[in-house]
Amino acid sequence: MERIAVFPGSFDPITKGHESVLKRALPLFDKLYIAIGINADKKGFFSIEKRMAWIKKVFQDYPTVEVIQYEGLTVDLCKKLNANYILRGLRTSADFEFERSIGQINKKLYPGIETVFILTAPEYTSLNSGIVRDILCHGGDANQFVPDGIDLTA
Ligand code: ADP
């Protein structure tokens, strides 16, 4: 059976924290979908097109990675893609509590799914997309927090 995983998130924008988790998870899976969740009621900071283009650029040399967008329940996406794993990153105990309830509910909704967690690299524990957006809103340079080759101001 192929090991197919979905890494869901808003990636608004992708950060070095996401990149680190994803690259370390690559050897575990035959196929890894990076799935940008779209919420019709919540407009993102960056357009879906930009978010998608940045992620595609970061993973252009990784043939097992595919970048997609989706609406609705993550488990429904997993069923559609025949994915048996959801990948998530864990930074803090707050992440753990949040992820535990989502993971357990997802398992109820779709017993065929397992959630797999990768611990954040220590240098990225305090990094999240919200901080990057705050820096930008206040005129700062946040490029050091996003993967090499991405220019948030371009
Ligand atoms: P959400 O939309 O749920 O806030 P994000 O799009 O920010 O999620 O992130 C998706 C996944 O990436 C989550 O599992 C989150 O824990 C993980 N993640 C985000 N930032 C980091 C980081 N700095 N280190 C490790 N994992 C991270």
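This section reports on the structure supplied with the text. These numbers come from a predicted model, not from an experiment. (Residues numbered from 1 in each chain as written. Predicted model: local features only at pLDDT ≥ 70, side-chain atom pairs only at ≥ 80, totals over all residues. Heavy atoms only, no water.)

1. Considering the side chain of T15
Phase 1 of the analysis: Considering the arrangement of structural elements, one finds T15 in the loop between strand 1 (4-9) and helix 1 (16-25).
Phase 2 of the analysis: Side-chain polar atoms of T15 contact the backbone nitrogen of G17, separated by 3.1 Å.
Phase 3 of the analysis: Residues in contact with T15, not counting those within four places in the same chain, are L127, N128, S129, V132, F145, V146 and P147. (Helix = DSSP H or I, 4+ residues; strand = E, 2+ residues; numbered from the N terminus. Polar contact = N/O pair within 3.5 Å; in protein donor to acceptor, adjacent residues only side chain to side chain. Contact = heavy atoms within 4.5 Å.)

2. Focus: the pattern of salt bridges
Phase 1 of the analysis: Applying the stated criterion to the full structure yields 9 salt bridges.
Phase 2 of the analysis: Ionic pairing is found between E97 and R100, a salt bridge with its closest N-O pair at 2.5 Å. Taken as a pair, E97 and R100 lie in helix 4 (residues 93-109) at a separation of 3 residues, close to a single helical turn. (Salt bridge = Lys/Arg side-chain N within 4 Å of Asp/Glu carboxyl O.)

3. A look at the pairing of strand 4 (residues 85-90)
Phase 1 of the analysis: Pairing of strand 1 with strand 4, which is carried by 2 bridges, proceeds in the parallel orientation. Of the residues in strand 4, the one forming a bridge with V6 is I86.
Phase 2 of the analysis: Of the strand pairs in this sheet, strand 4 and strand 5 (residues 114-119) are connected by 6 bridges, and their pairing is parallel. Within strand 5, the position partnered with I86 by the bridge is T115. (Pairing = 2+ DSSP bridges.)

4. Overview of the site of the ligand
Phase 1 of the analysis: Near the ligand there are 16 residues, and of these S10, G89, T120, Y124 and L127 occur at the shortest range.
Phase 2 of the analysis: With respect to the ligand, the backbone of F11 contributes an N or O atom lying 3.2 Å from an oxygen atom.
Phase 3 of the analysis: Against a free-state accessible area of 540 Å², the protein chains account for coverage of 85% of the ligand.
Phase 4 of the analysis: Listed by contribution, the elements that provide at least two residues to the shell around the ligand are strand 1, helix 1, strand 4 and helix 4.
Phase 5 of the analysis: Taken together, the residues of the shell around the ligand break down into 6 nonpolar, 6 polar and 4 charged. (Near = heavy atom within 4 Å. Areas by Shrake-Rupley, 256 points an atom, 1.4 Å probe, with all protein chains shown as cover. Nonpolar A, V, L, I, M, F, W, Y, C, P; charged D, E, K, R; others polar.)

5. Some words on the environment of T92
Phase 1 of the analysis: With respect to the helices and strands, T92 occurs in the loop between strand 4 and helix 4.
Phase 2 of the analysis: Take T92: its relative accessible area is 37%, and that puts it in the partly exposed class.
Phase 3 of the analysis: Taking the C-alpha atoms as reference, T92 lies 17 Å from T115; in sequence the two are 23 residues apart. (Buried < 20%, exposed > 50% of the residue type's maximum accessible area, 1.4 Å probe, protein only.)

6. Topic: the side chain of K16
Phase 1 of the analysis: Relative to the elements of secondary structure, K16 occurs in helix 1.
Phase 2 of the analysis: Separated by 3.2 Å, the side chain of K16 and the backbone oxygen of Q144 make a polar contact.

7. Overview of helix 3 (residues 74-81)
Phase 1 of the analysis: Every buried residue of helix 3 is listed here: T74, V75, L77, C78 and L81. Down the axis of helix 3, the smallest arc covering the buried residues is 155°, so these residues share one side.
Phase 2 of the analysis: Its buried side turned inward, helix 3 meets strand 1, strand 2 (31-37), strand 3 (65-70), strand 4 and helix 4. (Arc of directions from axis to C-beta.)

8. Examining the nonpolar core
Phase 1 of the analysis: Ranked by internal contacts, the top residues of the largest apolar core, which has 32 residues, are I55, F59, L87 and L152.
Phase 2 of the analysis: With 5 residues, the top contributor of residues to this core is helix 2 (residues 48-58).
Phase 3 of the analysis: If sequence neighbours within four positions are ignored, I55 has contacts with F11, I14, I34, I36 and V67.
Phase 4 of the analysis: Listed in part, the 14 residues of the second largest apolar core include L77, C78, A83 and I86. (Core = buried A, V, L, I, M, F, W, Y, C linked by side-chain atoms within 4.5 Å.)

Bear in mind that shape data such as this cannot, by itself, settle questions of function.
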